[in-house]
Amino acid sequence: MNEIARIKSQIASRFSIGGFQIRSDANIFLAQQIQPLSESERKTWITNVANHVQSQNLAQPIVERKHIELAIKEASNTGLDDAESVFQVISAFDVPSFVYVEEKKKFLPAPTDTKHQLLAPPDAKSNYLRERYLMLWQKTHRHEMFSQRSTPATVSGTGKSKLTLRKVETLLSTSKMNDVVLLGLLTQLTEGRFYLEDLTGSVPIDVSTAAFSAGLFCEGCFVLAYGKFRDGMLKIEELGFPPPELAASSRAFFGSVNGWGGPSKTLLKHSRNLAELEKANPDHSLIFVSDCWLDSVEVMEKLKQLLKGYDDFPPVAIVLMGPFGKQQDNVYGLKSRFQMLGEVLSSCEKLKAQTDLVLVPSCDDPAAANILPRPPLPSAIAGELVKRYPRTILATNPCRLQYCTQQIVVCRADLVTKLCRNTIHFPKQGHLEEHFARTLISQGTLAPLHPIAFPTHWSYDAALSLYPLPDLVVIGDPCQAFQTTEQECTVLNVGSFPKSKFTFKVYYPSNRTVEDSQIPDEVE
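Residues numbered from 1 in each chain as written. Predicted model: local features only at pLDDT ≥ 70, side-chain atom pairs only at ≥ 80, totals over all residues. Heavy atoms only, no water.

**Q** Could you clarify how one ought to interpret the overall build of the protein chain in this entry?
**A** Looking only at helices and strands, the protein chain features 14 helices and 23 strands. For 524 residues, the compact-globule estimate of 2.2 N^0.38 gives 24 Å, and the protein chain sits close to it at 26 Å. Along the first, second and third principal axes, the C-alpha set of the protein chain runs to 90 × 55 × 40 Å. Considering only residue pairs separated by 6 or more positions, the protein chain has 69% of its internal contacts joining residues 24 or more positions apart. Accessible area for the protein chain stands at about 24,300 Å²; split by element, carbon and sulfur atoms hold 49% of it. When the 55 positive and 57 negative side-chain charges of the protein chain are each reduced to one mean point, those points stand 3 Å apart. (Helix = DSSP H or I, 4+ residues; strand = E, 2+ residues; numbered from the N terminus. Rg over C-alpha atoms; globule rule 2.2 N^0.38 Å. Contact = heavy atoms within 4.5 Å. Areas by Shrake-Rupley, 256 points an atom, 1.4 Å probe, with all protein chains shown as cover. Lys, Arg positive; Asp, Glu negative; His and termini not counted. Charge placed at Lys NZ, Arg CZ, Asp CG, Glu CD.)

**Q** Mind showing me how you'd approach the packing of aromatic side chains here?
**A** Summed over all chains, the structure comprises 14 aromatic pairs. With a centroid separation of 5.0 Å and an interplanar angle of 85°, the aromatic rings of phenylalanine 93 and tyrosine 460 are classed as edge-to-face. Linking phenylalanine 93 in the loop between β3 (87-90) and β4 (98-101) with tyrosine 460 in the loop between α14 (432-443) and β19 (472-475), this pair joins segments that are 367 residues apart in sequence. On the basis of relative accessible area, phenylalanine 93 is assigned to the partly exposed category, the value being 26%. (Phe/Tyr/Trp six-rings, centres within 6.5 Å; stacked < 30°, edge-to-face > 60°. Buried < 20%, exposed > 50% of the residue type's maximum accessible area, 1.4 Å probe, protein only.)

**Q** Explanation requested: the sheet that holds strand β16 (residues 392-394) in the structure shown.
**A** Paired through their backbone hydrogen bonds, the strands of a sheet run either parallel or antiparallel. Spatially, β16-β15-β14-β13-β22-β23 is the arrangement adopted by the six strands of the open sheet, whose pairing is mixed. The sheet is open, and its two borders are formed by β16 and β23 (513-518), each paired with just one other strand. The sheet shows a mean angle of 20° between the axes of neighbouring strands, direction not considered. In the sheet, strand β15 (residues 356-360) pairs with β16 via three bridges, with the strands oriented parallel. The residue bridging leucine 359 from the neighbouring strand is leucine 394, located in β16. Of the strands in this sheet, β15 and β16 are in contact with helix α12 (residues 379-388), which crosses β16 at around 165°. (Pairing = 2+ DSSP bridges. Axes fitted to C-alpha atoms, helices over the stretch in contact; angles between N-to-C directions.)

**Q** When you look at helix α10 (residues 331-346) in this model, what are you seeing that I'm missing?
**A** Between its first and last C-alpha, α10 extends 23 Å over 16 residues, near the 22 Å set by a 1.5 Å rise per residue. Among the residues making up α10, those that are buried are Gly333, Leu334, Phe338, Leu341, Gly342, Val344 and Leu345. Along its buried surface, α10 packs onto α9 (297-310), β14 (317-321), α11 (349-354), β15 and α12. (Expected span 1.5 Å × (residues − 1).)

**Q** Just checking my understanding: could you explain the pairing of β15 for this structure?
**A** Residues in a regular strand project their side chains so that they alternate between the two faces of the sheet. Most of β15 is tucked away: five of the five residues are buried. Here β15 shows a buried face lined by Asp356, Val358 and Val360 and a second buried face lined by Leu357 and Leu359. By the bridge criterion, five bridges tie β14 to β15 in an arrangement that is parallel. Paired with methionine 321 across the strands is valine 360, a residue of β15. A crossover connection joins β15 to the parallel β16 through α12; in handedness this β-α-β unit is right-handed. (Right-handed = clockwise from strand over helix to strand, strands pointing away.)

**Q** Would you take a moment to explain the side chain of serine 264 for this structure?
**A** With respect to the helices and strands, the residue serine 264 is situated in the loop between α7 (247-251) and α8 (272-280). Within the local environment of serine 264, its side chain forms a polar contact with the backbone oxygen of threonine 266, the two atoms lying 2.7 Å apart. (Polar contact = N/O pair within 3.5 Å; in protein donor to acceptor, adjacent residues only side chain to side chain.)

**Q** Where do I start with the pairing of strand β5 (residues 106-109) in this structure?
**A** When β4 meets β5, the two strands line up antiparallel, connected through four bridges. Each bridged residue has a counterpart across the sheet, and for phenylalanine 98 the counterpart in β5 is proline 109. Linking β4 back to β5 in an antiparallel pair, the connection comprises four residues, with lysine 105 at a positive phi of about 55°.

Printed below as a string of structure tokens:
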């Protein structure tokens, strides 16, 4: 307490030199923020914060806490432009929507008169499927397999060359056609019978003798089919996914506009300042934990160990994913558990000064329906945590993270489980994580499933988009944790914190590596 009093005196003295009077609560707040730092670092921070307060041109020389909070944020981003920030969380409901314009062969922002609403009109369903199809069509049509400018290529290594990408209406205008390659939505228009559907119509398919490429093929996926058309039926010989594409190639069709989200008008992926900052901080890390059951005594104790352990080496952010209660029927009990978590965090001084806490709810958490994107936890439940740990961010599910130039998608859903349960063909070779990653990346979405199996808000399909590919996709599925890389995009499943003997994932953005970590059992 004496140390805090001494720091408060230093702060008051520095501000009085500049002609300001700092209020007591603002002084205490700044003192608590810089207490974990060394003496020389404290002096530097006091000077920087005072300078930033002075640049705010206050109407009166009275400094309040809100002025200190803004000054700390500005001082943390020193050297960056106004729209650049080291770390930010982007709500699913703020992700910009784009439409593909065939005439211009590029993506343009969706019309501003387009109204996004949770209770969307019926045509919203056809609109989001149409945009998914056009996105996949344009990148498939550009691929070397179908490009007229390229040398003869093959599909799935079959040796078939000089392929032409067809549409359903072309097939329906004839009774016989060989070497058909069709991109369409895999669906059951009548029970037990599969069809491929595109913008021009639908055609029944026979997959009884088809050879499947890598991936998990579910109703609701867009597939690339090769086969023979006979008398109204497409007999499929090979079934694959649309070819994946590197993010750099995809971004060329968006121009310089910010398609990721956030306050910046331009894409921060190209920021030189942030790129230098990213390389200069190899120790910066992001922590991901899933299934944080706050109503479990054992889980709460292990989370306390994790937070106390990282207090000496604060990461950029700690991302905690739900469900936050093992027992879902006790909402009021969950409120008290968040208060307990806040009490633990309030004693972690370095974390309070340097680390953001991001809470990503699951569909099982209270106050929202089982449908994505899901709104944040209500402040009525997590408000006490926010009071005790002001750097708490109540995020949507999914949400987007921007760390320097890196783009990260976080989604808490049983996605691996649902894809495995709904696939029409379970692969007999290869690793599950590779099939899973291939499915998400080739489809360009977090929801390559029928809406009944994986409900989503039609108007907010952009929030689930993985096109262009981000740097990291973080999934919170309770199945076994894994990580794999496809098209320079790392796909990571965190696994369940309590079910995996309290393991979690640590991501180092500077070298793009993922580290497996575990809370050790206490040695008596």
